[in-house]
Amino acid sequence: MTSRLSAITLNTFREAVRDRVLYNLIVFALLLVASAPLFGQISIGLERLILINVGLSSISLFGVIIAILVGIGLVAKEIDKKTLYTILSRPVRRWEFIVGKYFGLLLTLIVNTAFMTLGLYAALLVTAHHLNKADLLLLVAIYCIVLQFMIMVAMTLLFSSFSTPIFSAIFAFALFVIGTFGEDMRNFAAMSTGVTRWLATGAAYLIPNFASLNLISRVAHDQPVDGSVILFNTLYALLYSAALTAGAVLVFERRNLK
Amino acid sequence: MHAIETQGLSKDYPVGFWKKKLRLALKPLDLQVRVGETFGFLGPNGAGKTTTLKLLMGIIFPTKGTARILGRDYRDPEIKRKIGFLPEQPYFYDYLSATELLDYYGELSGVSSEVRKQRVPELLARVGLSDVGSKQLRKFSKGMLQRVGIAQAIIHDPEVLFLDEPMSGLDPLGRHEIRELIQGLKDAGKTIFFSTHILSDAEALCDRVAIIHKGDLRGIGVVNDLRSTVAGKSEVIWEGAHAAVMARDLLTDMHITGETVRGTVQSSDLDRFLEKLRHQHARLISVTPLRGTLEDYFLSKTKEEEPVSS
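Worth saying up front: this structure is predicted, and the values here are computed from it rather than measured. Along each chain, numbering runs from 1 in the same order as the chain's sequence is written. To label them, take the chains in the order written and letter them from A, then take the ligands in the order written and number them from 1. Confidence filtering applies because this is a predicted model: local features only for residues at pLDDT of at least 70, side-chain atom pairs given and counted only at 80 or more, and all residues used for totals across whole chains, interfaces and linings.

**Focus on the overall build of chain B**
Link 1 in the chain: Along the backbone of chain B there are 10 helices and 14 strands.
Link 2 in the chain: For the C-alpha atoms alone, the extent of chain B along its principal axes is close to 80 × 55 × 40 Å.
Link 3 in the chain: Exposed residues have 12 or fewer other C-beta atoms within 10 Å of their own C-beta, buried residues have 20 or more, and partly exposed residues fall in between, where C-beta atoms are placed from the backbone. For chain B, buried positions account for 40% of its 310 residues.
Link 4 in the chain: Residues are defined as contacting one another if the C-beta atoms placed from their backbone atoms lie within 7 Å. Taking as baseline every contact in chain B between residues at least 6 positions apart, the subset at least 24 positions apart corresponds to 70%. Strands are runs of DSSP state E lasting at least 2 residues, helices are runs of H or I lasting at least 4, and numbering of each runs from the N terminus.

This is the structure:
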């Protein structure tokens, strides 16, 4: 089982690495990070703050774009091009295929994030001429960005298991935007009454809470992050992505592949 | 134990806006393929051949019925270690090289890395792709892809092979190469189940064939037996062109050279036709029964009316 899972994971990673679209995105993202010091020159003394904000936001946004663009085709493309036929005629369980695909895309995003993180630190070094202890805090925000990716990949995979790539992309991006404003939704629920309160509360808990996983602003202002926040964020991302992946498996297990 | 056995395997698809109508893709299919046999599954396009193969591979689910492969339920993942599959007009991951693709599929089939290191180059040599093993598949021609397809189907040395239209869309040279490969597998004792609408391929390779049309199994048997079941024709040669005019209604084909006439007559009409020749005082030279072909049998079965369901 582990051999088949790792084979599917590595093949998914290999596919993404050999896709030129991915390189275009990464180069664009690195350019954005590299140009951050220029933004900083507009406001004297705020170079570091702007560089971190732009850098981390780029890592997050481009990761999400890659997760959606690659994720929506993970299953649909295999069905469309019938490459799945030669996979499912082997001793590969359908759930292994889905989980392998999940880990493959997540691995792609982690490697991509690692490269972009190096770019961000290089930009910081160029701007400040040295790195200090506070800069290590960026890794906490980057870790939480990876947690966001865990959920995004599972979400696009779920949509991809039953919908067309275009609709999958629309659903996934819409949920990302809604989830980014998850805190506002909870505040709205708290202020509401009656049925609206119930519905808003249900929706607020159902949609992925990307707001809680966004620590960019906090680390940019050198505010410490409590260990419990990291722990709860990790548990939340693990459970949420596991539930979404399980949903994708359930759909895919029953699907006739035409 | 049969290599492949289906029991009432059927498939229909809901169609229409409300998905309330059903389109029948495969009527309940009962079929047995013996171990070591090369079995041809013949039918025109859209007959249900690919549907049957997809069902057996677990790509789609049957509406009713079940199947067993080498005595085990076809859904058992372990049985898939013993089967190989070549889909129709296969498309492979074109960002991989042939070597990488075979290595990947070998790993998925549970072949150890030591065995793969040895078997992948061997297989590439066997299908004549040794010199392009490191080339990405996007640069391969259709014939080369088909050979990669055969190689991926046998990377784990399966006992039963399912080949969906393996010669379809290939030029005569490509068809010959694939036919040779299949013949080699047959000689190695593999059970081969292959679907095709190219009857000459089936006639050359198969021990037994089944004819499927509109999702319905129309006939099954040994190729030679099936040919003999087709109502045969006889070739009659005689002297006396004037007799041809009188007996023209019984002839399906006729050529006149001077006074010598060569005509084809349905075997069932042969007695009546010879009687007419005698009446016209024609001189009979020869009567030769013509052998039925698989094509005759195929056409007779695919032109049969569907049984009226009550």
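Back to the write-up after that little detour.
**Observations regarding the overall build of chain A**
Link 1 in the chain: Of regular secondary structure, chain A possesses 12 helices and zero strands.
Link 2 in the chain: For chain A, the N- to C-terminal ordering of α and β elements is α-α-α-α-α-α-α-α-α-α-α-α.
Link 3 in the chain: Computation of the radius of gyration draws on C-alpha atoms, with the globule rule given as 2.2 Å multiplied by the number of residues to the power 0.38. Taken over C-alpha atoms, the radius of gyration comes to 20 Å for chain A, in line with the 18 Å a tight globule of 258 residues would show.
Link 4 in the chain: Its C-alpha atoms put chain A at 60 × 55 × 30 Å along the principal axes.
Link 5 in the chain: Per-residue burial for chain A yields a buried fraction of 41% across its 258 residues.
Link 6 in the chain: Counting only contacts in chain A whose residues sit at least 6 apart along the sequence, the fraction spanning at least 24 positions is 82%.

**Some remarks on the sheet that holds strand β1 (residues 4–15) of chain B**
Residues and elements named next belong to chain B.
Link 1 in the chain: Strand pairing is assigned whenever DSSP detects at least two bridges linking the two strands. In space, the four strands of this open sheet follow the order β2-β1-β4-β5, with antiparallel pairing throughout. In this open sheet, the two strands that pair with only one neighbour each are β2 (21–33) and β5 (72–73).
Link 2 in the chain: Pairing geometry for β1 and β2, over nine bridges, is antiparallel. Within β2, the residue paired with V15 across the bridge is K21.
Link 3 in the chain: Each axis is a line fitted through C-alpha atoms, and for a helix only the stretch in contact is used; angles between axes span 0 to 180 degrees, taken between their N-to-C directions. The sheet contacts of helix α1 (residues 49–57) involve β1, β2 and β4 (64–69), and relative to β2 the element is tilted by about 70 degrees.

**Considering the interface of chain A and chain B**
Link 1 in the chain: At the junction of the two partners, chain A supplies 20 residues and chain B supplies 24 residues.
Link 2 in the chain: We call Asp, Glu, Lys and Arg charged. Ala, Val, Leu, Ile, Met, Phe, Trp, Tyr, Cys and Pro are nonpolar, and the rest, Gly among them, are polar. Among the residues making up the side of chain A that touches chain B, the classes are represented as seven nonpolar, six polar and seven charged.

**Structural notes on the domain arrangement of chain B**
Link 1 in the chain: Start and end positions for the domains come from either an automated domain assignment or a database one. One can read the domain layout of chain B as domain 1 (4–228) and domain 2 (231–291).
Link 2 in the chain: On a C-alpha basis, the centroid separation for the pair domain 1 of chain B and domain 2 of chain B is 46 Å.

**Quick notes on the environment of I59 of chain B**
Link 1 in the chain: As for its placement among the helices and strands, I59 of chain B is situated in the loop between α1 and β4.
Link 2 in the chain: When the 23 C-beta atoms within 10 Å are taken as the criterion, I59 of chain B is described as buried.

**A short note on the nonpolar core**
Link 1 in the chain: In this usage, the nonpolar core is the set of buried Ala, Val, Leu, Ile, Met, Phe, Trp, Tyr and Cys residues whose C-beta atoms join them within 7 Å. Ranked by internal contacts, the top residues of the largest apolar core, which has 134 residues, are A67 and V153 of chain A together with F193 of chain B.
Link 2 in the chain: At 16 residues, the largest contribution of residues to this core is made by helix α7 (residues 138–160) of chain A.
Link 3 in the chain: Each residue touching A67 of chain A, except ones within four places of it in the same chain, is listed here: L105, L109, F149, M152, V153 and T156 of chain A.
Link 4 in the chain: Formed by nine residues, the second largest nonpolar core is a distinct cluster that contains V236, A243, A247 and V265 of chain B.

**Things to note about the environment of S57 of chain A**
Link 1 in the chain: Summarising the element assignment, S57 of chain A is placed in helix α3 (residues 47–71).
Link 2 in the chain: Sequence separation between S57 of chain A and I142 of chain A is 85 residues, and the spatial gap between their C-alpha atoms is 9.8 Å.

**Some remarks on the packing of α7 of chain A against helix α8 (residues 165–180) of chain A**
All names here are of chain A.
Link 1 in the chain: Interaxial distance between α7 and α8 falls to 9 Å at its minimum, and their mutual angle equals 145 degrees. Of the two elements, α7 crosses α8, and the hand of that crossing is right-handed. Touching M152, M155, T156, F159 and S160 of α7 are S168, F171, A172, L175 and F176, all from α8.
Link 2 in the chain: Among the residues making up the contact of α7 with α8, the classes are represented as seven nonpolar, three polar and no charged. In a left-handed crossing the near helix is turned counterclockwise from the far helix by less than a right angle, and in a right-handed crossing that turn is clockwise.

**Section: the confidence of the model for chain B**
Link 1 in the chain: pLDDT expresses, on a scale from 0 to 100, how confident the predictor is about each individual residue. In this model, chain B carries an average pLDDT of 87, and 95% of its residues clear a pLDDT of 70 or more.
Link 2 in the chain: Confidence, read as mean pLDDT per element, is least for helix α7 (residues 223–229) of chain B in chain B (70) and greatest for helix α2 (residues 98–108) of chain B (96).

**Re the sheet that holds strand β3 (residues 38–42) of chain B**
Adjacent strands of a sheet form backbone hydrogen bonds with each other and so pair up, either parallel or antiparallel.
Residues and elements named next belong to chain B.
Link 1 in the chain: One open sheet holds the six strands; their spatial order is β6-β7-β8-β3-β9-β10, and the pairing between them is mixed. In the strand order of this sheet, the two ends are held by β6 (83–86) and β10 (216–222), each with one partner. Averaged over all neighbouring strand pairs, the angle between strand axes comes to 15 degrees, with direction disregarded.
Link 2 in the chain: Packing of helix α4 (residues 142–154) onto the sheet brings it into contact with β6 and β7 (160–164), and relative to β6 it is tilted by some 165 degrees.

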